[in-house]
Amino acid sequence: MLTFFKQRGTSAAFSLMSSSAAATTTEQLKFVNGLEDVLKNESDNNARPTTFLLDMWGVMHNGSKPYEGVIETIQKLKNENNGVRMVILSNSSKRQSHSITMLKKLGFNPDDFDDIITSGEVSHRMLSGDDALNCDTWECLTNLMKNDGNNDRKKVFVYGSGSNDEEYCMSAGWELASVEEANLILARGTFTINDGCGDVVDKNEDAEQYDQMLAETLAIAAKRRIPMLVSNPDKVRPDEGLPPMPGAIADQYEAALGGGQTATDLVKRIGKPFKEVYDLALYSSQDEASSACMVGDALETDVTGGNSIGCTTVWVINDGIHGPDVLEKGEGNYEDGVAEVLSCFNEARVKAKGDDSAKVMPTFVIPHFRW
C-alpha cells in the first residue's frame, strides 16, 4: 500500500580515463542475471534485503514504456517475498503525484510500492516548512523561513523545467522574483529561466539567449551569495547526447562562488546520493541501511548513495545511463566494458576528491532489472 512519506517528530559528465591505480577487474565484480540471483546470494549470506529502493528512469522505464520484464519482476518481488518493502527513490524534480500519474500511464500499479519519494516532493516540503519531514533541515533555508513577519524573505528565483514552476513555488508559500531581489535560488530544471516579472526564457526557443541569461544570473547570484536549493541533483539526463540537468547548474554555481566550503554550504542538493532521501525511505520501517538494497543505473547517484549508507547495491547496466559507454569500452565484451566504465568513474572521483576512499563498488551487476 502506498503511503505519503511516513511521518516523524548524477550521472556526472566525468572524464573517462584509464588508471592502473583505480582499475577494476572483472574478477572483483559480481555479475548476476537477475534479481532472483541477488536474493539467493544474499539469503545464502544471511543478508536477505527487507527493503528495496528502486530507481525509476533507466531501471523501471525510459519515460515512454516499461522495460521488458520489469512489471513481472515487481509482482514477483511483492507476492513471493513476504515482508519485503519496495520504495521508489527518484531524483525527479516533480512532486509525488506526478510520479504516480506516470506510473499508472506506463502500466504500473502505484499501490505495489510502500512509498514513492521524489526529490521534488522532498524539496517542496522543505520549502513549505513541513515540521513532520523526517530528514535533516538546511540552515540557510531555515533562517530564511523564520517567522519574523518579514514576507520579503520568501522570494525565489527559478531555473525551471517549464512545467508548473510558478505553481510549485507558490503552493509552498514562495513568490517568484528576479535574481536581484530573490533570497533563494531554486534549480528544478534546465529548460526555462523565469525572471520573476512574467517573462520566461525558454531554451527550446532560444538556446543562445538561455545560455547567456544562465551565465549572467549565476554571476549576479554568486556576487550576492544567494543560497541555492537543487531539487534534482542529476547532472545529465539519460537521453541521446546526455543533456544537462539541474545538478550541472549547481556545479556551475559552486564554481561561480569560488568553490570550497562556502560554496558547498550555499548549495543544497536534494536526492540521491545525499542522505535526506535515504533517511525518509528507511524511517517508516525502522530498517537499518544494511537491510536495504538500492537498485539503480547511475554510478554517481544510485551506487554512490547506496555505498554511502552501507546497503547492498545492484547496478543495472543495459537500460541505464552507462549502457552505451559499457558497450563502447568493452568493444562487445559486456563484463570488460562494465569494469572499464567503473574504473574510469572511480579515477575521476579520486582525482576530484583527492582521496582513494572515494571509489565506489556495486555489490551486484545485472544487465536489466528482471527476475
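Cut-offs and rules
- Residues numbered from 1 in each chain as written.
- Predicted model: local features only at pLDDT ≥ 70, side-chain atom pairs only at ≥ 80, totals over all residues.
- Heavy atoms only, no water.
- Helix = DSSP H or I, 4+ residues; strand = E, 2+ residues; numbered from the N terminus.
- Rg over C-alpha atoms; globule rule 2.2 N^0.38 Å.
- Buried < 20%, exposed > 50% of the residue type's maximum accessible area, 1.4 Å probe, protein only.
- Areas by Shrake-Rupley, 256 points an atom, 1.4 Å probe, with all protein chains shown as cover.
- Salt bridge = Lys/Arg side-chain N within 4 Å of Asp/Glu carboxyl O.
- Phe/Tyr/Trp six-rings, centres within 6.5 Å; stacked < 30°, edge-to-face > 60°.
- Lys NZ or Arg CZ within 6 Å of the ring centre and 35° of its normal.
- Core = buried A, V, L, I, M, F, W, Y, C linked by side-chain atoms within 4.5 Å.
- Contact = heavy atoms within 4.5 Å.
- Patch = residues over 30% accessible without salt bridge, like charges linked within 9 Å, V, L, I, M, F, W, Y side chains within 5 Å.
- Lys, Arg positive; Asp, Glu negative; His and termini not counted.
- Charge placed at Lys NZ, Arg CZ, Asp CG, Glu CD.
- Pairing = 2+ DSSP bridges.
- Right-handed = clockwise from strand over helix to strand, strands pointing away.
- pLDDT = per-residue confidence, 0-100.

Colleague: Any chance you could explain the overall build of the protein here in plain terms?
Modeller: Looking only at helices and strands, the protein features 13 helices and 13 strands. On C-alpha atoms alone, the protein measures out to a radius of gyration of 20 Å, which is about the 21 Å that the 2.2 N^0.38 rule sets for 371 residues. Along the first, second and third principal axes, the C-alpha set of the protein runs to 60 × 45 × 35 Å. Burial status across the protein gives 55% buried among its 371 residues. For the protein, the exposed surface amounts to about 16,200 Å²; the carbon and sulfur share of it is 45%.

Colleague: Explanation requested: the pattern of salt bridges in the structure shown.
Modeller: Opposite charge on two side chains lets them pair, provided their charged atoms get close. One pass over the structure, following the stated rule, counts 15 salt bridges. For Lys272, the salt bridge is made with Asp302, and the minimal N-O distance between the two is 2.7 Å. Taken together, the residues Lys272 in the loop between β10 (267-269) and α10 (275-283) and Asp302 in helix α11 (residues 299-309) connect sequence positions 30 residues apart. Each member of the pair, Lys272 as well as Asp302, carries the same accessibility label: buried. Of the charged contacts, one joins Lys359 and Asp356 as a salt bridge, the two residues approaching to 3.4 Å between their closest N and O atoms.

Colleague: When you look at the packing of aromatic side chains in this model, what are you seeing that I'm missing?
Modeller: Any two aromatic rings considered together are summarised by their centre-to-centre distance and by the angle between their planes. Counting across every chain of the model gives two aromatic pairs. Look at Phe157 and Tyr159: their rings are 5.2 Å apart centre to centre, the planes differ by 85°, and that puts the pair in the edge-to-face class. On the basis of relative accessibility, which here comes to 0%, the residue Tyr159 falls in the buried class. Over the ring of Tyr168 we find Arg188; its NZ or CZ atom is 4.1 Å from the centre of that ring. A cation over a ring is seen here: Lys203 above Phe191, with NZ or CZ 5.6 Å from the ring centre.

Colleague: Is there a simple way to think about the environment of Ser97 in this case?
Modeller: For Ser97, the location among the structural elements is in helix α3 (residues 96-105). On the basis of relative accessibility, which here comes to 51%, the residue Ser97 falls in the exposed class.

Colleague: Teacher, can you tell me more about the nonpolar core here?
Modeller: Here is a general trend for soluble globular proteins: nonpolar side chains tend to be buried in one another's company. Ranked by size, the top nonpolar core spans 32 residues in total, and within it Val122, Leu127, Trp174 and Leu184 carry the most contacts. At five residues, the largest contribution of residues to this core is made by α10. Excluding residues that lie within four positions of it along the chain, Leu127 makes contacts with Leu141, Met145, Lys154, Tyr168, Ala172, Trp174, Leu184, Leu186 and Leu229.

Colleague: Explain a negative patch on the surface to me, please; I cannot follow it from the model alone.
Modeller: Negative charge collects at one region of the surface, where Glu205, Asp206, Glu208 and Asp211 lie side by side. Structurally, the position occupied by Asp206 is in the loop between β8 (200-202) and α7 (207-224).

Colleague: Please clarify how the environment of Ser163 should be interpreted in this entry.
Modeller: As for its position among the elements, Ser163 is in the loop between β4 (155-160) and α6 (165-170). By relative accessible area, which is 29% here, Ser163 ends up partly exposed. Along the chain, Ser163 and Phe191 lie 28 residues apart, while their C-alpha atoms are 9.4 Å from each other. With residues up to four places along the chain from it excluded, the contact list for Ser163 reads Lys94 and Arg188.

Colleague: Please clarify how the pairing of strand β1 (residues 51-54) should be interpreted in this entry.
Modeller: Two faces belong to every sheet, and in a regular strand the side chains alternate between them. On β1, burial covers both faces: Thr51 and Leu53 on one face and Phe52 and Leu54 on the other are all buried. Two elements, β1 and strand β2 (residues 85-90), share four bridges in a ladder whose sense is parallel. The residue of β2 that forms the bridge with Thr51 is Arg85. For the crossover from β1 across helix α2 (residues 70-79) to β2, the handedness is right-handed. Two elements, β1 and strand β11 (residues 292-296), share four bridges in a ladder whose sense is parallel. Bridge pairing links Leu53 to Met294 in β11.

Colleague: When you look at the confidence of the model for the protein in this model, what are you seeing that I'm missing?
Modeller: Caution applies to low-pLDDT parts of the model: their predicted coordinates are not meant to be read in detail. With 91% of its residues at a pLDDT of 70 or more, the protein has an overall mean of 89. Scored below 50 in pLDDT, residues 1-21 shows 69 contacts in the model against residues more than four places distant or in partner chains.

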